[in-house]
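# Survey of secondary and tertiary structure
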Amino acid sequence: QVQLVESGGGLVQAGGSLRLSCAASRSISSMNVMGWYRQAPGKQRERVATISGGGTTNYASSVKGRFTISRDGARNTVDLQMHSAKPEDPAVYYCNAVIWTSLAGEIRSWGKGTQVPVSS
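Report follows, based on the coordinates. As the structure is a computational prediction, the values presented were derived from the model and not from experiment. (Residues numbered from 1 in each chain as written. Predicted model: local features only at pLDDT ≥ 70, side-chain atom pairs only at ≥ 80, totals over all residues. Heavy atoms only, no water.)

### Quick notes on the sheet that holds strand β6 (residues 67-72)
One key point about sheets: their strands pair by backbone hydrogen bonds, in either a parallel or an antiparallel sense. Reading across from one edge, β1-β2-β7-β6 is the order of the four strands in this open sheet, with antiparallel pairing throughout. The open sheet has two edge strands, β1 (4-7) and β6, and neither has a second partner. Direction aside, neighbouring strands of the sheet carry axes that sit 15° apart on average. In this structure, β6 lies alongside strand β7 (residues 77-82), joined through six bridges in antiparallel fashion. Within the sheet, the bridge partner assigned to Ser70 lies in β7 and is Asp79. (Pairing = 2+ DSSP bridges. Helix = DSSP H or I, 4+ residues; strand = E, 2+ residues; numbered from the N terminus. Axes fitted to C-alpha atoms, helices over the stretch in contact; angles between N-to-C directions.)

### Structural notes on the packing of aromatic side chains
Taken as a whole and judged by the stated rule, the model has one aromatic pair. With centroids separated by 5.0 Å and ring planes inclined at 70°, the aromatic side chains of Tyr37 and Trp110 adopt a geometry described as edge-to-face. Of the two residues, Tyr37 sits in strand β3 (residues 33-39) while Trp110 sits in strand β9 (residues 105-110), which places them 73 residues apart along the sequence. Residue classification places Trp110 among the partly exposed residues on the basis of a relative accessible area of 35%. Above the ring of Tyr94, the side-chain terminus of Arg45 is found at 3.7 Å from the ring centroid. Arg45 extends its terminal NZ or CZ atom over the ring of Trp110, reaching a point 4.6 Å from the ring centre. (Phe/Tyr/Trp six-rings, centres within 6.5 Å; stacked < 30°, edge-to-face > 60°. Buried < 20%, exposed > 50% of the residue type's maximum accessible area, 1.4 Å probe, protein only. Lys NZ or Arg CZ within 6 Å of the ring centre and 35° of its normal.)

### Observations regarding the pattern of salt bridges
On inspection of all chains with the given rule, the structure shows six salt bridges. The residue Asp89 makes a salt bridge to Arg38 at a minimum N-O spacing of 2.9 Å. Highlighted residues: Asp89 in the loop between β7 and β8 (91-101) and Arg38 in strand β3, separated in sequence by 51 residues. An identical accessibility class is assigned to Asp89 and Arg38; each is buried. Between Asp89 and Arg66 there is a salt bridge, with the nearest N and O atoms lying 2.7 Å from each other. Residue Asp89 is located in the loop between β7 and β8, and its partner Arg66 is located in the loop between β5 (57-59) and β6; the two are separated by 23 residues in the primary sequence. Exposure class is identical for Asp89 and Arg66. Each is buried. Taken together, the shared-partner salt bridges connect Arg38, Glu46, Arg66 and Asp89 into one network. (Salt bridge = Lys/Arg side-chain N within 4 Å of Asp/Glu carboxyl O.)

### With respect to the state of the cysteines
Considering all chains together, one arrives at one disulfide under this definition. Across the disulfide from Cys22 sits Cys95; the S-S distance is 2.1 Å. Taking the torsion about the sulfur-sulfur bond, which here is approximately -80°, the covalent link between Cys22 and Cys95 counts as left-handed. Taken as a pair, Cys22 in strand β2 (residues 18-24) and Cys95 in strand β8 lie far apart in primary sequence, 73 residues in all. Here the two residues Cys22 and Cys95 agree in accessibility, since each one is buried. (Disulfide = S-S within 2.5 Å.)

That is the geometry; function is a separate question.
Laid out in structure tokens, this is it:
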């Protein structure tokens, strides 16, 4: 497994921007897929964006065109740039890493999350 630590959470105004970062404890080149998920109070955790080792990205329809996921192999980080924030964006954001192995199958690791609270 890999340890993941999220940072960058904080208040974001409607229409504003925020950048979240996820630092991995080891090289992300070994991760097949990394991604960001979020969970709002009373709701299930949902996928926000993923990026493969080859750089292919996928976004939830609710964030497409507003959020950008990127990975930096030199820093072993995966960032989520949020623009044009909407009222439904506040949540706890979690970083995720997936490694596919022949012996153990799919191994998923999660960070502890970073809070993006509702801005009053």
